[in-house]
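Residue-level structural notes
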Number of protein chains: 2
Amino acid sequence: MKRNAKVSTAVIRRLPRYYRHLSELQEAGVVRISSSALGKSMGLTASQIRQDLFCFGEFGQQGYGYKVDSLKEEIGEILGFSRGHTLVVVGTGNLGRAIIQNFRFSGNGFQLLAAFDVNPAVVGTWIAGVPVYHADGLESFITKHRVDVGMLTVPIAAAQQMGDRLAEAGVKGIWNFTNYEIACAKRDVVVESVHFSDSLLALSYMISQREEPNRQEEDP
Amino acid sequence: MKRNAKVSTAVIRRLPRYYRHLSELQEAGVVRISSSALGKSMGLTASQIRQDLFCFGEFGQQGYGYKVDSLKEEIGEILGFSRGHTLVVVGTGNLGRAIIQNFRFSGNGFQLLAAFDVNPAVVGTWIAGVPVYHADGLESFITKHRVDVGMLTVPIAAAQQMGDRLAEAGVKGIWNFTNYEIACAKRDVVVESVHFSDSLLALSYMISQREEPNRQEEDP
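Residues numbered from 1 in each chain as written. Chains lettered and ligands numbered in written order. Predicted model: local features only at pLDDT ≥ 70, side-chain atom pairs only at ≥ 80, totals over all residues. Heavy atoms only, no water.

Considerations on the overall build of chain A
Across its full length, chain A carries eight helices and nine strands. Along the three orthogonal principal directions, the C-alpha set of chain A runs to about 60 × 60 × 35 Å. Taking all 220 residues of chain A together, 52% fall into the buried category. Here the contacts in chain A between residues at least 6 apart in sequence split such that 60% fall between residues at least 24 apart. Carbon together with sulfur atoms contributes 50% to the accessible area of chain A, which is approximately 10,800 Å² in total. Between the averaged position of the 23 positive side-chain charges in chain A and that of its 23 negative side-chain charges there is a distance of 8 Å. (Helix = DSSP H or I, 4+ residues; strand = E, 2+ residues; numbered from the N terminus. Buried < 20%, exposed > 50% of the residue type's maximum accessible area, 1.4 Å probe, protein only. Contact = heavy atoms within 4.5 Å. Areas by Shrake-Rupley, 256 points an atom, 1.4 Å probe, with all protein chains shown as cover. Lys, Arg positive; Asp, Glu negative; His and termini not counted. Charge placed at Lys NZ, Arg CZ, Asp CG, Glu CD.)

Next comes the structure, spelled out in structure tokens:
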């Protein structure tokens, strides 16, 4: 498969959405879809879809659209599904626990190996089949099991320190839920942060726009 | 303030990031910043920054950069901070509880009024100062308190039904954590979904790209 060397962040961000939409289409029994129909369901134009997918090679056939299952598989391949990525969770408070219990790691190509915490009440227990170890053993576990990603759900005060420890121990990526912008000294470690506030503020903007006409009437 | 009618989704998505970066700069004591320095810290070009902000009017002075505090305030205004948006949480499992306890709603211009659940063990209790009511009272509460946004942290099986109830009851937006694409019959209700998998898959892509050379050596 041809891959253009330089793929923009915007395209990378859209790839998981393509995967998600194609999975839903597959479940709904759709076999083929045109770029315009796929675009419509994703809020993109047909030409944007064609441009995005062109970054990764030739998909689909002029006039026949895309085969849903094979396009989904190809995109899954690009996203690294077949690489057998491994992950550990650092921090098993409410958020860590919620994600361990509800998030389908395997459905996203990840194997969740273990969780770490310092709280004696949880160390030595299991959460949804995942063992919880003491954080003291984090580095040796990462080395031994060649862990790819550390998910950070620790309190904000511990974020940078635990991020440093994960990076030093050799993970390739940090999935950061701490709402703290981790500065990673090791340049080859990718930090992906989930910012709940970015999402709520985008929603705030969108509902404010809809309020605009009324507010103007109220306050001329 | 001049506002161009049509602002692209990409720009809307960047606005909360601007706000976040400007808050950090403000905390670090930065008074003025050039578009190139702001761009560098956000991974954008100076011209992209100027274009983005131009959508909302004239900010900054040629050659003097942006005043951090007033730009932050203006963007906060655009994002709807001063509108006094209100929110209720529907579903107080681990995820709902984690967000109620840790997320700074007020720091994002939202007032969290109440939470709703059906579990008798939590109905009637308080989580971090927030009362938990029975979901039966959701509609009357929303009407009475003019709730703007319903945050959905219910199990996936209840997602569509609770989304419908929120929309029918008159919320303007749904902040959806259920990993289910809610189809909103009421066209004026904005659904903003937080997809953890989109974030993990983007991370998976980025670490896979870094692995690429090695894997190719292993498997020529």
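Having seen the model, we can carry on.
Here's the deal with the confidence of the model for chain A
Here chain A averages 88 in pLDDT, while 91% of its residues score no lower than 70. The low-confidence segment residues 214-220 of chain A, where pLDDT is below 50, has two contacts with residues more than four positions distant or belonging to other chains. (pLDDT = per-residue confidence, 0-100.)

Description of the sheet that holds strand S3 (residues 85-90) of chain B
Residue and element names in this part refer to chain B. Here we have seven strands laid out as an open sheet, ordered S5-S6-S4-S3-S7-S8-S9, and mixed in their pairing. Single-partner strands in this sheet number two, and they are strand S5 (126-127) and strand S9 (190-193). As paired elements, S3 and strand S4 (residues 110-117) share six bridges and run parallel to each other. By the bridge assignment for S4, Thr86 is matched with Gln111. Where helix H7 (residues 159-169) meets the sheet, it contacts S3, strand S7 (149-152) and strand S8 (173-176), and its direction lies at approximately 170° from that of S7. (Pairing = 2+ DSSP bridges. Axes fitted to C-alpha atoms, helices over the stretch in contact; angles between N-to-C directions.)

Some details on the relation of the copies chain B and chain A
Between the two copies of this chain, the relationship is a rotation about some axis together with a displacement along it. Between chain B and chain A, the superposition needs a rotation of 180° and an axial shift of 0.0 Å, giving an RMSD of 0.1 Å. Considering both components of the superposition, the chain copies are consistent with a two-fold axis. (Least-squares fit on C-alpha atoms with pLDDT ≥ 70 in both.)

Here we look at the interface of chain B and chain A
Contacts between the two partners involve 61 residues from chain B, matched on the other side by 61 residues from chain A. When chain B packs against chain A, close to 5,400 Å² is buried across both sides, 63% of that on carbon and sulfur atoms. For the chain B face of the interface with chain A, the top three residues by lost area are Arg83, Leu200 and Tyr205 of chain B, together amounting to 13%. Among the salt bridges present, the one from Asp198 of chain A reaches Arg20 of chain B, with a minimum N-O distance of 2.5 Å. (Buried area = accessible area lost by both parts, 1.4 Å probe. Salt bridge = Lys/Arg side-chain N within 4 Å of Asp/Glu carboxyl O.)

Observations regarding unusual backbone geometry
Residues and elements named next belong to chain B. With phi around 50°, Ala128 is a residue other than glycine that occupies positive phi space. In this fold, Ala128 is placed in the loop between S5 and strand S6 (130-134). Taking the relative accessible area as the measure of exposure, Ala128 reaches 54% and is therefore exposed. In this structure, Arg146 takes a positive phi of about 45° despite not being glycine.

Quick word on the pattern of salt bridges
Between side chains of opposite charge, a pair can form when the charged atoms approach closely. Evaluation of the coordinates by the stated rule reveals 14 salt bridges over all chains. One salt bridge in this structure joins Asp52 of chain A and Arg14 of chain A, with 2.6 Å as the shortest N-O distance. One end of the pair, Asp52 of chain A, is in helix H3 (residues 46-54); the other, Arg14 of chain A, is in helix H1 (residues 9-27), with 38 residues separating them in the sequence. By relative accessible area, Asp52 of chain A is classed as buried at 4%. The partner of Glu139 of chain B in a salt bridge is Arg165 of chain B, with the nearest N and O atoms 2.7 Å apart. Pair noted here: Glu139 of chain B is in helix H6 (residues 138-145) and Arg165 of chain B is in helix H7, with a separation of 26 residues, a long-range link. Overlapping salt bridges bring together Arg20 of chain A together with Glu181 and Asp198 of chain B as one network.

Observations regarding the sheet that holds strand S8 (residues 173-176) of chain A
Residue and element names in this part refer to chain A. One open sheet accounts for seven strands, arranged S5-S6-S4-S3-S7-S8-S9; its pairing is mixed. Only two strands of the sheet have a single neighbouring strand rather than two, namely strand S5 (126-127) and strand S9 (190-193). Taken strand by strand, helix H6 (residues 138-145) contacts strand S3 (85-90), strand S4 (110-117) and strand S6 (130-134), and its axis lies near 160° from that of S4.

Looking at the packing of helix H5 (residues 94-102) of chain A against helix H5 (residues 94-102) of chain B
When two helices pack together, their arrangement is given by the angle between the helix axes and by the axis-to-axis distance. Closest axis-to-axis distance for the H5 of chain A/H5 of chain B pair is 8 Å, and the angle between their directions is 155°. In terms of orientation, H5 of chain A and H5 of chain B fall into the roughly antiparallel class. The interaxial crossing formed by H5 of chain A with H5 of chain B has left-handed handedness. Between H5 of chain A and H5 of chain B, the contacting residues are Asn94, Leu95, Arg97, Ala98 and Gln101 of chain A on the first element and Asn94, Leu95, Arg97, Ala98 and Gln101 of chain B on the second. Across the contact of H5 of chain A with H5 of chain B, the residue classes break down as four nonpolar, four polar and two charged. (Parallel < 35°, antiparallel > 145°, perpendicular 65-115°, else oblique. Left-handed = near helix turned anticlockwise from the far one by under 90°. Nonpolar A, V, L, I, M, F, W, Y, C, P; charged D, E, K, R; others polar.)

Looking at the environment of Ile78 of chain A
All names here are of chain A. Along the chain, the position of Ile78 falls in helix H4 (residues 68-78). According to the relative accessible area criterion, Ile78 is buried, its value standing at 1%. For the pair formed by Ile78 and Asn94, sequence separation is 16 residues and the distance between their alpha carbons is 32 Å.

Some details on the pairing of S8 of chain A
Two faces make up the sheet, and in a regular strand the side chains alternate between them. Residues and elements named next belong to chain A. By the alternation rule, side chains of S8 split into Gly173 and Trp175 and Ile174 and Asn176, which are all buried. By the bridge criterion, four bridges tie strand S7 (residues 149-152) to S8 in an arrangement that is parallel. Bridge pairing links Met151 to Trp175 in S8. In terms of handedness, the path from S7 via helix H7 (residues 159-169) over to S8 forms a crossover that is right-handed. Sheet analysis places S8 next to S9, joined by four bridges and oriented parallel. When the sheet's bridge partners are listed, Gly173 is paired in S9 with Val190. (Right-handed = clockwise from strand over helix to strand, strands pointing away.)

Focus: the packing of aromatic side chains
The full count for this structure, using the stated rule, is 18 aromatic pairs over all chains. Taken together, a centroid distance of 4.9 Å and an interplanar angle of 75° make the contact between Phe103 of chain A and Phe105 of chain A edge-to-face. Neither residue differs from the other here; Phe103 of chain A and Phe105 of chain A are each classed as buried. For the pair Phe103 of chain B and Trp175 of chain B, a centre-to-centre distance of 5.6 Å together with 55° between the ring planes defines the contact as tilted. Highlighted residues: Phe103 of chain B in the loop between H5 and S4 and Trp175 of chain B in strand S8, separated in sequence by 72 residues. This pair shows no difference in class: Phe103 of chain B is buried, exactly as Trp175 of chain B is. (Phe/Tyr/Trp six-rings, centres within 6.5 Å; stacked < 30°, edge-to-face > 60°.)

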